[in-house]
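# Structural overview for review
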Amino acid sequence: MNSMKKCALLLVASLVFVASGQSPLARNPRVGYVYPAGGQQGSVVQVTAGGQALAGAATVYLSGEGVRGTVTYYAKPLNNQQLQTLGRKLKDRRDELAGRAKPAAGTSDSQRVAAEPPNVDKDLVPLPNHPWIQNIETMTMDELERVARRFFDKKNQLNAQIAEIVLVDVTIDPAAVPGVRELRLKTAAGLTNPIPFHVGTLPETSEVEPNDPRPFAADHSATEIGSPTVVNGQIMPGDLDRFMFQASAGQSIVARARARELVPYLADAVPGWFQAVLTLYDGNGRRVASADDQFFSPDPVLACTIPKDGTYVLETRDALFRGREDFVYRIALDNTESGSHNSTRPTSSSPETNEIEPNNTGQSAQAIAPPCMIEGTIDREADADVYRFEGKSGMAIVAEVYARRLDSPLDSLLRLTDSTGNVLAWNDDHPDAERGLITHHADSYVTAQLPADGAYCVEISDAQHNAGPDFRYTLRISPPQPDFALRIAPSSINVQAGRSAVVHAYALRKDGFTGEIRLAIKGDPAGLTLDGATIPAGADHVRMTLTAARASSEEPISIEVEGRAEIARREVCRRATPAEDMMQAFSYRHLVTAENLLVSILGPKKPTGRIALASDEPVRIPLGGAAQIYVKAPIGPILSEIELRLSDPPKGIALTDVVVVPDGMVLEVAASPDAAAPGLSDNLIVEAYREVDGPQRTEKPSAAKRQVPVGVLPAIPFEVAAR
Ligand SMILES: [Ca+2]
Ligand SMILES: [Ca+2]
Ligand SMILES: [Ca+2]
Ligand SMILES: [Ca+2]
């Protein structure tokens, strides 16, 4: 294979980051959920974080002031033998509570023989010091039930992505500012992704299972709560959680759930999040109110007026009766309607106008003069709002709706027509990658170059023929305003001292802006550099690398990345927003923004020799030819073979040779004449692999060698040049 080249290198040692077969690149530490996902000011909360590759979790990082966390325990999932032992201990304790004597060893009780293998005692193994299975000998039936549900419920499918747990004590100062924080763990393999942790002002309660009496009974086992309060819980498969409270006639009750907001996307479930449902029952089990979606938001808000004095039960579950540890919720039970809408209105220097009805047809169209921002409402059935402006031949025009992005239920439809009613452009839904939490991008966007002088109309309506006083929109009609936004993913970057790590940069281009964007770390980057930090003209995504030419550090380093581009002969600078690339329901990807961009530098405490490109200039690869790239690298003793490979190279680009030279190596990269196009510009990501012996379980020498990724070279910018 051309793109693969083996070489036994003198510099091998410098590329081998980890002595064992485990590589920091193999699995990035990830947190899938935290439970409870928040706490009250002035309290200490015991939080469980579930995730993957969390071994060595030692430190908790929480954004903002006044919130601190301490790791108290890390647990791997129990193995089969441990589960067997646990099952046996649970059974013994249940028998003891039920007054059944533990059968004496060697008994010929046929039931026992049928249920357990005869040598079961031999298989008992010591259980780890796991906090959920301490003191089984003194547990109550309810406690045993909870342990059994956690470890043995057949409906629970083991999910490797959340199978490891880390217990954290979070201390929230009384003065800590309420709102969302980011929680990250630092593990042996580096920093995890951030996960939301809420600081609240209300007293909090956590569910106590079992809390779903069947048949319904308000006087039994539902968790008792006061109001106002925040209740925390997890929905397991088929689970219902019920909370009981007293209320009086005429009292208004608002229950606001956070579920999808806490874990926005599940990679392995359809529709891709916990779809919480809220139901309020009276003391006799009669339904008083219920809530599913809050318009387009999956997190329900239940509001009602209590009909008479008495006991009420608030119930939550998943709409599809699914569940898992990461189906975490927080429900604020209160009597105020104040919701949190955190969407920002578009900023514009254009004059603002309000719509004036009647404006439903071309004849009654409201005259406007672009550029302008129009505030309007599709407020009644069959409403359409038409705006007329005078255009010039060749003039470019953009019409863009902000509605769903401002939490409006409107699903807009836009049409741009000329004075005779010919449709020049129309659009229903235009995705906005800046809004990573929106899965139905309902807002419309049209652009066109006007063919002649004359009158033109922009018509907005609801694509699903819905309407109402909430169906508000802001409509921008203006010449194109080319601009861009930037995203950097992941928002926790783990890099070995002296080495490089892949970072993704995304350009979210606006109003036809296609230019090149140059990225850099803002301010004093503390020995950190971005390699290949240019998003080529026309490209929306580039893989670059972050190189740490410095020693490791205990604390993560907070950085900001900025991008600069020339727009209309002026330099424009935009801050890159950190983001997580999340998968929804096996296929869709979303960039969910984060507050902080943190770099964790792992490995040696003192600076190590750096691997660097000899030149920052893009390598020019002639079409149908090859180019040499000199990589400087420190020399070390031979440890084993490494192999260099291009990671996901552009079509027609191949690594054809690697030669060891003094102080480094020279890579030869070729561009095949049929595949690569002149002008193609991107980064090459070169991965290094090391061959190690496979796991040896048998006596015979293992032929199976495994390739372990050991790192990447700094990103190599290139362009394909015509011969
Ligand atoms: Ca529950
Ligand atoms: Ca209207
Ligand atoms: Ca109208
Ligand atoms: Ca639409």
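Cut-offs used in this document
- Residues numbered from 1 in each chain as written.
- Chains lettered and ligands numbered in written order.
- Predicted model: local features only at pLDDT ≥ 70, side-chain atom pairs only at ≥ 80, totals over all residues.
- Heavy atoms only, no water.
- Donors = N, O, S within 2.8 Å, 3.2 Å for Na, K, Ca; no water.
- Helix = DSSP H or I, 4+ residues; strand = E, 2+ residues; numbered from the N terminus.
- Buried < 20%, exposed > 50% of the residue type's maximum accessible area, 1.4 Å probe, protein only.
- Polar contact = N/O pair within 3.5 Å; in protein donor to acceptor, adjacent residues only side chain to side chain.
- Contact = heavy atoms within 4.5 Å.

## Some thoughts on the coordination of the calcium ion (ligand 3)
- Binding of the calcium ion (ligand 3) to the protein goes through Glu 357 (OE), Glu 357 (OE), Asn 359 (OD1), Asn 360 (OD1), Asp 383 (OD), Ala 384 (O) and Asp 385 (OD), at separations of 2.2 to 2.6 Å.
- Here the donor residues of the calcium ion (ligand 3) share one chain and are spaced in sequence as E-x1-N-N-x22-D-A-D.
- Distance-wise, the calcium ion (ligand 2) is placed 3.5 Å from the calcium ion (ligand 3), both being coordinated by Glu 357. Residue Glu 357 is located in the loop between strand E21 (352-354) and strand E22 (366-367), and its partner Ala 384 is located in the loop between strand E23 (372-377) and strand E24 (385-391); the two are separated by 27 residues in the primary sequence.
- Exposure remark for Glu 357: the relative accessible area of 32% places this residue in the partly exposed category.

## Brief notes about the side chain of Asp 511
- Locating Asp 511 in the fold gives a position in the loop between strand E33 (500-510) and strand E34 (517-521).
- Accessibility expressed as a relative area gives 10% for Asp 511, which makes it buried.
- There is a polar contact of 2.4 Å between the side chain of Asp 511 and the side chain of Tyr 445.
- In contact with Asp 511, not counting residues within four places along its chain, are Val 398, Tyr 445, Arg 476, Pro 479, Pro 480, Gln 481 and Pro 482.

## Considering the coordination of the calcium ion (ligand 2)
- Binding of the calcium ion (ligand 2) to the protein goes through Glu 355 (OE), Glu 355 (OE), Glu 357 (OE), Thr 377 (O), Asp 383 (OD), Asp 385 (OD) and Asp 385 (OD), at separations of 2.2 to 2.7 Å.
- Take Asp 385: its relative accessible area is 0%, and that puts it in the buried class.

## Quick notes on unusual backbone geometry
- In this structure, Pro 271 follows Val 270 across a cis peptide bond, with omega equal to 10 degrees.
- With an omega of -5 degrees, the peptide bond between Glu 357 and Pro 358 qualifies as cis.
- As for its placement among the helices and strands, Pro 358 is situated in the loop between E21 and E22.
- Here the phi dihedral of Phe 321 falls at roughly 55 degrees; this positive angle occurs in a residue that is not glycine.
- You can see Phe 321 is positioned in the loop between strand E19 (310-318) and strand E20 (328-334).
- Under the relative-accessibility criterion, Phe 321 is labelled partly exposed at 45%.
- For Arg 569, which is not glycine, the phi torsion reads 65 degrees and is therefore positive.
- On the secondary structure map, Arg 569 appears in the loop between strand E39 (561-567) and strand E40 (570-584).

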